[in-house]
Every structure is written in C-alpha cells, then in structure tokens.
Amino acid sequence: MHEAEEARQLVASLCAYLEDLQETGIDGLAYAEPAPVTGTVRLNGSDTSPTASVQAAPVEQENLDQVRLDLGECARCSLSGTRTNLVFGIGNPAARLVFVGEAPGRDEDLQGEPFVGEAGQLLTKIISAMQFRRSDVYICNILKCRPPGNRNPQPEEIEQCQPFLLRQLGAVNPEAIVCLGTFAAQTLLQTKEPISKLRGRFHDYHGIPLMPTFHPAFLLRNPAMKREVWEDMQKVMRLLNIELKK
Ligand code: URA
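These numbers come from a predicted model, not from an experiment. (Residues numbered from 1 in each chain as written. Predicted model: local features only at pLDDT ≥ 70, side-chain atom pairs only at ≥ 80, totals over all residues. Heavy atoms only, no water.)

**Brief notes about the nonpolar core**
Moving on, step 1. Residues Leu 97, Phe 99, Val 100 and Leu 188 are the most contacted members of the largest nonpolar core, which totals 57 residues.
Moving on, step 2. Ignoring sequence-local partners within four residues, the contact set of Leu 188 consists of Val 100, Ile 142, Leu 165, Leu 166, Leu 169, Ile 177, Cys 179, Tyr 205 and Leu 210. (Core = buried A, V, L, I, M, F, W, Y, C linked by side-chain atoms within 4.5 Å. Buried < 20%, exposed > 50% of the residue type's maximum accessible area, 1.4 Å probe, protein only. Contact = heavy atoms within 4.5 Å.)

Below, the structure written as structure tokens:
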C-alpha cells in the first residue's frame, strides 16, 4: 500500500476509535512523551545535537473493572426492563484471544454469563480444540442484555451498548478477536457484508487482527459448516503461534 494511503487509513481508524471513546464519556487521554531520541538527528537537512532525555509518563490503561463500574445497572435501552441479569463478559482480563458473540440468550440471561447454553457448549469445544481453556480467553457479546424471545439486536440497542464493548476490548487488548456470527462481525467492522463473505480472513480492528466466523448456534443447525469454522480457527492459531496437536 502507498505510504500516504496507509497514513490516511491510520488517522481515520484513530479518529473513529477516539470518537467511540468520547461516546463512552472519556474526554481525554493521558499524554506520554515519545521515547527520547538519542544520537544526531537530521532536521531539514541540518544536524542537531542529541535531544534531551525526557522521562516517559506511563499511559494508564483502563481495566475491565472500571468499564463494569461505569456500565452500572445499565438502563440505557429498553432491554433493561426485560432482562434477568446483565451479561458483561467473562474470562481472562489479559486474554490473548477474545470471542465476541451477539447477545445473551435465555440461559445466559438466567446465569449472567455469556455462552453457557447449547451454543456456548459448542463454543467451549471450539476453544478446547484451539488448545485453550475457557478461562484462558475472554468471552463477551455485542449486547449485554437478552433481547426478548432472542430477536435480533436493534440498531439503538447496539448503539447504546457498543461503547462499553469497545472499552472492554481496549482493556483486554488481545492479540486477536474472533467475531461469532453476522451481528458481531458487522458491528465491529461497520459493514453490511454478509458473514459468508467476511469469514475466513483477518480484518483490521484498530490494529488487532479480527477473524469473523459462523456463530455456534448456526453450526448447531448446520453442522456441515463446522469445517469452515475450524479452518478459520486454525488461521487464528497460526497467528497466535499455537501448534496444532496431531
Ligand atoms: N449467543 C450469543 O451470541 N451469545 C451468548 O452469550 C449466547 C448465545
């Protein structure tokens, strides 16, 4: 890619990320001085002496507890009126890999934990096949509350919930993200492309490789598609340098 185009894309992606943060109420970020430059640098063709060494201020990274605290007993959309439990997310707060699903179903709503029903059991098998324990990864959803009757998430619900998901992803800062199904992939990638077109290759999510794949609930109805999902997960394993057990 041309350097100017790369820079343009980087700036656009940074602006989108900052706007997302702003929506969640974050109106400033800690500033850290760039690492000191040592040796002689050339500025506009003239030599300058080595720059003074500046102590870099540590940038404080938000953690999941802070995000959970800000979310509170959320009533930002109407789903708060029908939920039993808010389902925030579960797993390793410093996970290398994050799975993002659509929304809690009945079992998740009752237990307050994502992916604990039938689709969740299949996800746990996929995670084990990737040689992780469930507790090694982080699992969350686009929506934190169950849509009544498991209907599709509505745009205004996604809009209210998304800033908190973005903060969760920022706090965990994984090496890779797997989006399970259409809603997760379309929401994080801001596209209308169908999952069948998106899956199977990495996309960029604020610098984090993101692999869309089919939702485990879809696999329960279409077991023949497990092969595609396994191909996608093997790509993720290769990215994370995890060897396949023979
Ligand atoms: N389906 C999802 O997308 N998420 C869950 O947590 C459970 C089922």
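**Structural notes on helix H5 (residues 155–172)**
Moving on, step 1. Helix length check: H5, at 18 residues, gives a terminal C-alpha distance of 25 Å against a target of 26 Å (1.5 Å per residue), a fit within 8%.
Moving on, step 2. At Cys 161, H5 shows its maximal kink, close to 40°; a proline, Pro 163, follows between one and four residues later.
Moving on, step 3. Of all 18 residues in H5, 13 are buried, a share of seventy percent or more.
Moving on, step 4. Asn 173 lies just past H5 and shows a positive phi near 50°. (Helix = DSSP H or I, 4+ residues; strand = E, 2+ residues; numbered from the N terminus. Expected span 1.5 Å × (residues − 1). Bend = angle between axes of the 7 residues up to and from the residue.)

**Here's the deal with the packing of helix H2 (residues 64–71) against H5**
Moving on, step 1. Closest axis-to-axis distance for the H2/H5 pair is 9 Å, and the angle between their directions is 165°. Relative to H5, the element H2 is oriented roughly antiparallel. Crossing of H2 over H5 shows right-handed handedness. Touching Leu 64, Gln 66, Val 67, Asp 70 and Leu 71 of H2 are Phe 164, Arg 167, Gln 168, Ala 171 and Val 172, all from H5.
Moving on, step 2. Considered class by class, the residues forming the contact of H2 with H5 number six nonpolar, two polar and two charged. (Axes fitted to C-alpha atoms, helices over the stretch in contact; angles between N-to-C directions. Parallel < 35°, antiparallel > 145°, perpendicular 65-115°, else oblique. Left-handed = near helix turned anticlockwise from the far one by under 90°. Nonpolar A, V, L, I, M, F, W, Y, C, P; charged D, E, K, R; others polar.)

**Describing the packing of aromatic side chains**
Both the distance between ring centres and the angle between the ring planes are used here to describe each pair of aromatic rings.
Moving on, step 1. Taken as a whole, this structure holds one aromatic pair when the rule is applied.
Moving on, step 2. A ring pair is formed by Phe 214 and Phe 218, whose centres lie 4.9 Å apart and whose planes are at 35°; its orientation type is tilted.
Moving on, step 3. Note on Phe 218: relative accessible area 25%, which makes it partly exposed. (Phe/Tyr/Trp six-rings, centres within 6.5 Å; stacked < 30°, edge-to-face > 60°.)

**Quick word on the sheet that holds strand S8 (residues 208–213)**
Moving on, step 1. Spatially, six strands are ordered S3-S5-S4-S6-S8-S7 in an open sheet, and the strand pairing comes out mixed. Bordering the open sheet on either side are strand S3 (90–91) and strand S7 (203–205), each of which pairs with just one other strand.
Moving on, step 2. Across four bridges, strand S4 (residues 97–101) lies against strand S5 (residues 138–141) in parallel orientation. Residue pairing across strands places Phe 99 opposite Ile 139, the latter belonging to S5. (Pairing = 2+ DSSP bridges.)

**Examining the pairing of S5**
Moving on, step 1. The side-chain alternation of S5 yields two buried faces, one formed by Tyr 138 and Cys 140 and the other by Ile 139 and Asn 141.
Moving on, step 2. The pairing of S3 with S5 spans two bridges and is antiparallel. The residue bridging Gly 91 from the neighbouring strand is Tyr 138, located in S5.

**Overview of the packing of helix H4 (residues 118–129) against helix H9 (residues 226–239)**
Two quantities define a packed helix pair, namely the angle between the axes and the distance from one axis to the other.
Moving on, step 1. Their axes nearest at 10 Å, the elements H4 and H9 cross at an angle of 45°. Classified by the interaxial angle, the pair formed by H4 and H9 is oblique. For the element pair H4 and H9, the recorded crossing hand is right-handed. Between H4 and H9, the residues in contact are Leu 122, Ile 126 and Ala 129 and Lys 226, Val 229, Trp 230, Met 233 and Met 237, respectively.
Moving on, step 2. Residue classes in the contact of H4 with H9 are distributed as seven nonpolar, no polar and one charged.

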